[in-house]
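Topology and contacts: notes
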Amino acid sequence: MTKGQKVGYFFLGLLPLPIAIALQNLLMIPLGGISFALILVNGGVTEPSGEALFDMVLSQTFLEIVEVVYASAAVVLFGFWLYKVFRKEHGPLLRRERRFLLLLLGLLLLCVGGQFLAEVVYDIVGMFSPATAQNYEKLIELAGFDEPSVLTLVYGVLIGPIAEELIFRGVMMHYLRRSLPFAAANVIQAVLFGVYHMNLMQGIYTAVIGLLFGYICYRGGSILYSILAHMMFNFLGFTNLLYLGSDSPYYEFFWLPVMILALILGSMLFFRKSPETS
């Protein structure tokens, strides 16, 4: 492969990010028009149309619909892209593993530990920039993630992880690995994964988690593993299962070693049992 080809693949690897952002913003136009038209037909506008449209676009229900429709469109677009361009080099979607259940357990433990990593990053950033932490908490509340609806769960636990894995650990990673060593490609896709979330706090910890997902995909030899890990990670985050009993004075004492142990055991189960790809 020539140097010019490698440069071309590098820039192709950066392309999925602006395409994904543009797709999300473009979908808001027809979805906004349809939603506003339905409001008008049902006689639901009691204020000037400009204010009504602004209120609708900022409403939680509208944002949830945009997220679900966008993620579904991204799954189709980037799934087709990954299949058409990289199907020969990607191999089977899921390799046959005698210890598949152990691999799944390893993924779950890695995701439990990943929640710990995200919390550590959150605490560190919050320590140096309290305003950043406060803004992030307001964003979470506005998006409805603190009390997720059915649509939010569908997006956050099912469709969203598939879309994001196809974008970053799928199309982007495959192009970047044609021009760079895996370590460099993994760092770049993880950083862009953080940029994609367009929020400093979330961007930092998703970049850290993106490194983990990239390595899971690489060592597992299939994007299915990082998709499953992403789903598990988001499910744990949405349900707050790991923070039950957090009001107990002994919670912090047990929480830290359990999370670290989960990372160690998860790494032993998954990374040692899954085939390393070239």
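Cut-off values and rules
Residues numbered from 1 in each chain as written. Predicted model: local features only at pLDDT ≥ 70, side-chain atom pairs only at ≥ 80, totals over all residues. Heavy atoms only, no water. Helix = DSSP H or I, 4+ residues; strand = E, 2+ residues; numbered from the N terminus. Buried < 20%, exposed > 50% of the residue type's maximum accessible area, 1.4 Å probe, protein only. Contact = heavy atoms within 4.5 Å. Areas by Shrake-Rupley, 256 points an atom, 1.4 Å probe, with all protein chains shown as cover. Patch = residues over 30% accessible without salt bridge, like charges linked within 9 Å, V, L, I, M, F, W, Y side chains within 5 Å. Salt bridge = Lys/Arg side-chain N within 4 Å of Asp/Glu carboxyl O. Expected span 1.5 Å × (residues − 1). Axes fitted to C-alpha atoms, helices over the stretch in contact; angles between N-to-C directions. Parallel < 35°, antiparallel > 145°, perpendicular 65-115°, else oblique. Left-handed = near helix turned anticlockwise from the far one by under 90°. Nonpolar A, V, L, I, M, F, W, Y, C, P; charged D, E, K, R; others polar. Phe/Tyr/Trp six-rings, centres within 6.5 Å; stacked < 30°, edge-to-face > 60°. Lys NZ or Arg CZ within 6 Å of the ring centre and 35° of its normal. Polar contact = N/O pair within 3.5 Å; in protein donor to acceptor, adjacent residues only side chain to side chain.

Quick look at the overall build of the chain
- Each helix and strand counted, the chain has 11 helices and 0 strands in total.
- Looking at the chain residue by residue over its 278 residues, the buried ones come to 44%.
- Contacts in the chain between residues at least 24 apart in sequence constitute 79% of all its contacts with a sequence separation of at least 6.
- Total accessible area on the chain stands at roughly 14800 Å², and carbon and sulfur atoms take up 69% of it.

Remarks on a nonpolar patch on the surface
- A contiguous nonpolar surface patch, about 490 Å² in accessible area, is contributed by L256, I260, L261, I264, L265 and M268.
- With respect to the secondary-structure elements, M268 resides in helix α11 (residues 251-271).
- The exposure class of M268 is partly exposed, given its relative accessible area of 39%.

As for helix α8 (residues 182-196)
- End to end, α8 covers 21 Å across 15 residues, agreeing with the expected 21 Å (1.5 Å per residue, within 8%).
- Turning to α8, its buried residues are F182, A185, N186, Q189, A190, L192, F193, G194 and Y196.
- Where α8 ends, the next residue or the one after it, M198, has phi of about 55 degrees, a positive value.

Describing unusual backbone geometry
- The phi torsion at M198 lies on the positive side, around 55 degrees, for a residue other than glycine.
- Counting through the fold element by element, M198 comes out in the loop between α8 and α9 (200-220).

Here's the deal with the packing of α8 against α9
- Running from N to C, α8 and α9 point in directions that differ by 140 degrees, and their axes come no closer than 7 Å. Taken as axis vectors, α8 and α9 run oblique relative to one another. Every pair of crossing elements has a handedness; the one defined by α8 and α9 is right-handed. Mapping the contact onto sequence places F182, N186, V187, Q189, A190, V191, F193 and G194 in α8 and G203, T206, A207, G210, L211, G214, Y215 and Y218 in α9.
- The residue inventory of the contact of α8 with α9, partitioned by class, reads 9 nonpolar, 7 polar and no charged.

Looking at the packing of helix α5 (residues 100-128) against α9
- The geometry of α5 relative to α9 is characterised by a closest axis approach of 9 Å and an angle of 155 degrees between their N-to-C directions. Considering the angle they form, α5 stands roughly antiparallel to α9. Of the two possible hands of crossing, α5 and α9 adopt the one that is right-handed. Contacts between α5 and α9 involve L107, L110, G114, A118, V121, Y122, V125 and G126 from the former and M201, I204, Y205, V208, I209, L212 and I216 from the latter.
- Counted by class, the contact of α5 with α9 contains 13 nonpolar, 2 polar and no charged residues.

Re the packing of aromatic side chains
- On inspection of all chains with the given rule, the structure shows 16 aromatic pairs.
- When the ring of Y225 is compared with that of F270, the centres are 5.4 Å apart and the planes differ by 70 degrees; the resulting orientation is edge-to-face. With Y225 in helix α10 (residues 223-239) and F270 in helix α11, the pair connects residues that are 45 residues apart, well separated along the chain. Each member of the pair, Y225 as well as F270, carries the same accessibility label: buried.
- Every member of this aromatic cluster is reached through a ring pair, and the members are F182, Y215, Y218, Y225, F270 and F271.
- Here the basic side chain of R169 rests over the ring of F193, its NZ or CZ set 4.3 Å away from the ring centre.

Some remarks on the pattern of salt bridges
- Summed over the entire model, instances satisfying the criterion amount to 1 salt bridge.
- Measuring nitrogen to oxygen at the nearest pair gives 2.6 Å for the salt bridge that ties R169 to E165. One end of the pair is R169 and the other is E165, both in helix α7 (residues 150-177) and 4 residues apart, which spans about a single turn. Across this residue pair, the class does not change: R169 and E165 are buried.

Let's talk about α10
- Counted at 1.5 Å a residue, the expected span for α10 with its 17 residues is 24 Å, and the 24 Å between its end C-alpha atoms agrees.
- Residues I223, Y225, S226, I227, A229, H230, M231, F233, N234, L236 and F238 constitute the buried set of α10.
- For α10, the capping residue at the N-terminal end is S222, with a side-chain oxygen 3.1 Å from the backbone nitrogen of L224.
- Within two residues after α10, N240 carries a phi angle of roughly 60 degrees, on the positive side.

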